[in-house]
Amino acid sequence: MFEEKGVNKILYGGDYNPEQWDEETRDEDMVLLPKAGVDIVTLNVFSWAKLQPAEKVYDFSDLDSIVKKVTAAGMKICMGTATAAYPAWMAKKYPDILRVDFEGRKLKFGKRHNACPNSPTYRKFSPHLARKLAEHYKNQDNIVIWHINNEYGGSCYCENCEKAFREWLKNKYKTLDALNDAWNTPFWSHTFYDWDEIVLPNALTEYQYGSKKSQLPGISLDYMRFNSDSILQNYIDERDAIRSEIPDALCTTNMMNAFKGLDYRKWAKEIDIASWDNYPQRFTEPHYDAFAHELIRGLKGGKPFMLMEQSPSVTNWLPINSLKRPGEMRRYSYVAAAHGADTIMFFQMRQAPASAEMYHGAIIDHSGRDDTRIFKEISALGEELKALKDNTLGGKAHAECAIIFDWDNWWALEDTPGIPDTVKYLDEVLKYYRALYESSISVDIIGSEDDLSKYKLVIAPTYYMVCENTVKRFEEYVEKGGNLIFTFISGYVDENGHILRGGYPGTLKKLIGARIEETDQLYENMESFECEGVRIPEKIVESHNSFKYKGTEYPAHIVCDIVYPEEAEALAGFMSDFYKGQPAITKNCLGKGCTYYVATSSEARFYAEFIADICDYAGIKDVFDKAPVPVNSWNGIEIAARDKGDIRIYYIINHTNEEKELEFPYEGEELLSQEKVIKGQKLKLSPVDVKLIKVASRD
Ligand SMILES: [Zn+2]
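Model, not experiment: these values are computed from the prediction.

Rules and cut-offs
Residues numbered from 1 in each chain as written. Predicted model: local features only at pLDDT ≥ 70, side-chain atom pairs only at ≥ 80, totals over all residues. Heavy atoms only, no water. Pairing = 2+ DSSP bridges. Helix = DSSP H or I, 4+ residues; strand = E, 2+ residues; numbered from the N terminus. Contact = heavy atoms within 4.5 Å. Axes fitted to C-alpha atoms, helices over the stretch in contact; angles between N-to-C directions. Parallel < 35°, antiparallel > 145°, perpendicular 65-115°, else oblique. Left-handed = near helix turned anticlockwise from the far one by under 90°. Nonpolar A, V, L, I, M, F, W, Y, C, P; charged D, E, K, R; others polar. Donors = N, O, S within 2.8 Å, 3.2 Å for Na, K, Ca; no water. Tetrahedral: all angles 85-135°; square planar, octahedral: opposite > 155°, others 65-115°. Buried < 20%, exposed > 50% of the residue type's maximum accessible area, 1.4 Å probe, protein only. Domains from an automatic or database assignment. Buried area = accessible area lost by both parts, 1.4 Å probe. Salt bridge = Lys/Arg side-chain N within 4 Å of Asp/Glu carboxyl O. Polar contact = N/O pair within 3.5 Å; in protein donor to acceptor, adjacent residues only side chain to side chain. Patch = residues over 30% accessible without salt bridge, like charges linked within 9 Å, V, L, I, M, F, W, Y side chains within 5 Å. Areas by Shrake-Rupley, 256 points an atom, 1.4 Å probe, with all protein chains shown as cover. Lys, Arg positive; Asp, Glu negative; His and termini not counted. Charge placed at Lys NZ, Arg CZ, Asp CG, Glu CD. Expected span 1.5 Å × (residues − 1).

### Digging into the sheet that holds strand β5 (residues 251–252)
Whether parallel or antiparallel, the strands of a sheet pair through hydrogen bonds between backbone atoms.
Step number 1: Spatially, nine strands are ordered β5-β4-β3-β2-β1-β9-β8-β7-β6 in an open sheet, and the strand pairing comes out parallel. Single-partner strands in this sheet number two, and they are β5 and β6 (254–255).
Step number 2: Bridging between strand β3 (residues 76–80) and strand β4 (residues 143–147) involves four bridges; their strand directions are parallel. Bridge pairing in β4 places G80 opposite H147.
Step number 3: Lying over the sheet, helix α10 (residues 286–299) contacts β6, β7 (275–277) and β8 (305–309), oriented at roughly 130° with respect to β8.

### Focus: the packing of helix α14 (residues 425–438) against helix α17 (residues 604–618)
Step number 1: Viewed as axis vectors pointing N to C, α14 and α17 meet at an angle of 60°, and their least axial separation amounts to 8 Å. Relative to α17, the element α14 lies oblique. Handedness of the crossing formed by α14 with α17: right-handed. Residues E428, K431, Y432, R434, A435 and L436 of α14 touch α17, and the partners they reach there are A604, Y607, A608, I611 and C615.
Step number 2: The class makeup of the residues in the contact of α14 with α17 is eight nonpolar, no polar and three charged.

### What to know about the coordination of the zinc ion
Step number 1: Around the zinc ion, the protein contributes the donor atoms C116 (SG), C156 (SG), C158 (SG) and C161 (SG), which lie 2.2 to 2.3 Å from the metal centre.
Step number 2: Each of the four donor atoms bound to the zinc ion contributes to angles spanning 101 to 116°, and the resulting shape is tetrahedral.
Step number 3: Here the donor residues for the zinc ion map to a single chain with the spacing C-x39-C-x1-C-x2-C. In this pair, C116 is assigned in the loop between α4 (88–93) and α5 (120–137) and C161 in helix α6 (residues 159–173), connecting sequence segments 45 residues apart.
Step number 4: With relative accessibility at 0%, the residue C116 sits in the buried group.

### Description of the domain arrangement of the protein chain
Step number 1: For the protein chain, the assigned domains are domain 1 (3–155 + 230–388), domain 2 (159–221), domain 3 (401–618) and domain 4 (637–695).
Step number 2: Each of domain 2 and domain 3 was reduced to a C-alpha centroid, and the two centroids are 30 Å apart.
Step number 3: Taken together, the contact pairs 17 residues of domain 2 with 16 residues of domain 3.
Step number 4: Summed over both sides, the interface of domain 2 with domain 3 buries roughly 990 Å², with 49% coming from carbon and sulfur.
Step number 5: Its largest share of buried area at the contact with domain 3, domain 2 owes to A182, K213 and L221, together 58% of the area lost on that side.
Step number 6: The interface formed by domain 2 and domain 3 contains one salt bridge.
Step number 7: The partner of D421 in a salt bridge is K213, with the nearest N and O atoms 3.6 Å apart.
Step number 8: Viewed at the interface, domain 3 and domain 2 are joined by six residue pairs in polar contact (both at pLDDT 80 or more).
Step number 9: Elements with a contribution of two residues or more to the side of domain 2 that touches domain 3: α6, α7 (176–183) and α8 (217–245).
Step number 10: Considering every element that reaches the side of domain 2 that touches domain 3, the biggest residue donor is α8, with four residues.
Step number 11: In terms of residue class, the side of domain 2 that touches domain 3 is built from seven nonpolar, six polar and four charged.

### Focus on a negative patch on the surface
Step number 1: Judged by side-chain charge, E3, E4, D248 and D390 come together as a negatively charged surface patch.
Step number 2: Take D390: its relative accessible area is 41%, and that puts it in the partly exposed class.

### Overview of α5
Step number 1: For α5, built from 18 residues, the straight-helix expectation of 26 Å at 1.5 Å per residue is met to within 8% by its first-to-last C-alpha distance of 26 Å.
Step number 2: T121, Y122, F125, S126, P127, L129, A130, L133, A134 and Y137 are the residues of α5 that are buried.
Step number 3: Where the residues of α5 are buried, they touch α2 (48–51), α3 (61–72), β3, α4, β4 and α8.
Step number 4: Between a side-chain oxygen at the N-terminus of α5 and the backbone nitrogen of T121 the separation is 3.2 Å; the capping residue is S119.

Encoded structure:
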């Protein structure tokens, strides 16, 4: 991704905040960091107060000195724009920059990630600083990419946002009639007669009794879209300011996993290289970590991304922050590379002397020593990455299976009253992803608008919100031989959140070949509650339902859609209650392909069985070109692959603390040890170990 900048290996390094240190310490760092194998540092992420100490004063002298030292030490630079926390003088002089929170409280100066995205002050000063930085450093050849702001997020409910929201709505709907129709405002006398009557949906308006569900889902869905767009505009403001000085500058911003607040798929269109910050904890399941990497990779059509941050050891923001055990930092690094990362970067290079992140892990800890466990592990990985050279750079996953992940659907599904609180979009997506991951099947995470034709199977979990043109594309895909899986509560509403006419699953009915008349929401382990006059006196541990698939009984959780097949055939039926015998899974063929509908949520052993069957039917192979078998008890070995032309690199990762063995089916070369691998060789994997095997031919 940075070949033109002379980069021919995985870049290794991360956030460096020397503003907090004296010259002597900085000079020590210039020796220690290259010693650890660091060849890139991210500078200037939170330096606004230093760069602009007063409204008309810009002072880059300290940053110049840091850039000079870093350059002399032979390191590349990922250059921050410093706009994720504004100076105190700015908040005092221009209070429009302060956010108003969900409860309607005007905030004061403090924390970070704190600017109102529609503040005229912020929109003036942040791109101005970005432009000045670009002007100042445009000839600094070792800057490989511009890192705009930091971990964008949050929301604001101030008057400027309210005004901007009305403009956004005017642009979208053109007329109030169209808006009133889209939001179904005759309900509860919500008709708007003037744009100025529209107020932002928050705790003071449409969210009552501390509920997370909006009483006017249409306005809330539009607000979420608007808020994401507003913050994206902040990114675009800065990017365009940089480009006005450096037309070919590469720009990114560090994203955060499956982050609900921002529609990253829309953001990705404006970003040159996707990048993100990964902070797995000891309780993070391996499939979730892999999913997050693949979600980010999918934003730019499968191109390699930057792992912008991870901790070398410990984080600081959880109630309990446990250490990464020996070997775990290396393992997490290769998991990122296995799923498409072409940089391995950390927060942070040196542990802060005070403040919120002083206990966050770093390559150089408070002792300043180069013989700590962490420094030694970082240095060892640095050596490995040097030896890997460009072997893995640019490789892409070859996936025959995709999972659709859409922010609009996520927002609408979880924000609408009547959809049970127990429905969690991300959880449902992960259930399917996990079955594929543990079977070593490559998966792309895509959006509804992406090209489906290259996949043999597309899974759209809880595909609640359906756009008309998407349905046509789905139908074409299936008719030409594609296989689709939908799951419960799919096909309910259109892009405005209006119920699709004619009953569920609305416009997906031709594909699914069945109608869904009712949905039973299951009580499961509910604590006592009282709401609107309804009181549940004590804990309800009522059961789930169950269904039988291929002779095995599986639990049905969360909801049971009551399905009446028309063209579809039933593959499994519910086992109790008044809808006993109604299908829990259906299959409907259209043209050369088939659509499956799973009317409930279950547990891992069901997904393992079901996904293996569908993959077998669809002709999907695992990364070893074998037909998948159900993985009911995963052995803890992750196997992923990236292709570069005819060459495939296998990443074999032991997620357990035990010795493992794996028979490798091809001849190849293990890149970390540079040892030959013979076809059929039993590879020995020590605890948390990783092997990278380059295979030229898979005969
Ligand atoms: Zn605001």
